[in-house]
Amino acid sequence: MSSTFVANGCASNGSEVTSPAITKSVDTKQTNSVNEPVQFLERIFRILVEEKVITGPQDVRNKVINFKYPHELQQLLDLPIGEAPTKDEVLVEACQRTIQYSVQTGHPQFFNQLFGGVDQYGLAGSWITEALNTSQYTFEAAPVFTLVEHSIVQKMLALVGYQNGDGIFCPGQSA
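Residues numbered from 1 in each chain as written. Predicted model: local features only at pLDDT ≥ 70, side-chain atom pairs only at ≥ 80, totals over all residues. Heavy atoms only, no water.

Novice: Teacher, can you tell me more about helix α5 (residues 143-159) here?
Specialist: One turn of the α-helix equals 3.6 residues, which is why residues spaced by three or four share an orientation. With 17 residues, α5 extends 25 Å between its outermost C-alpha atoms, agreeing within 8% with the 24 Å of an ideal straight helix rising 1.5 Å per residue. For α5, the complete set of buried residues consists of Glu149, Val153 and Leu157. When α5 is viewed along its axis, its buried side chains cluster within an angular range of 75° and face the same direction. Facing away from the buried side of α5 by over 90 degrees, the exposed positions are Val144, Leu147, Lys155, Ala158 and Leu159. Gly161, located one to two residues past α5, shows a positive phi value of around 85°. (Helix = DSSP H or I, 4+ residues; strand = E, 2+ residues; numbered from the N terminus. Expected span 1.5 Å × (residues − 1). Buried < 20%, exposed > 50% of the residue type's maximum accessible area, 1.4 Å probe, protein only. Arc of directions from axis to C-beta.)

Novice: What exactly am I supposed to notice about the side chain of His107 here?
Specialist: Position of His107 relative to the elements: it lies in the loop between α3 (88-100) and α4 (120-132). For His107, a relative accessible area of 2% corresponds to the buried category. A distance of 2.8 Å separates a polar atom in the side chain of His107 from the backbone nitrogen of Gln109. (Polar contact = N/O pair within 3.5 Å; in protein donor to acceptor, adjacent residues only side chain to side chain.)

So, to be careful, I would describe these as geometric facts and stop short of saying anything about function.
This is the structure in structure tokens:
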């Protein structure tokens, strides 16, 4: 099965990914089980691009939200968790419905005091941290992230005029 996927100047045909800055070849002799996660993620990425979630700005004529009452959404989203594994196609459809009924924070008429739209650099960082799935509690568990955190704390201390100090980040909600 060969397909071509192109987004933001990058192309992928299942065996090779190209971009203006990076050319990465992937062994085409890999088993299907190795390629399946990539194919699934490419499908999700394609949906995010097509729905203009990450490529915005969205058309002002579109709704900020396709509002449904909770009881309506429960029927539309098929949320009960079954006993058997779910097929990729069902997960893709669930992702499409999630986008369809979520607030479109990249919409020109969405206004919020805490956030709005997608930041491409933050999204890339989020993808990397999620893919690495590491915990940031010691240098041994997360050497790069520990040093990044230290560097950011030092910059923040300097911004407020402290010569010496320490700190940590507590990832979580924005309250």
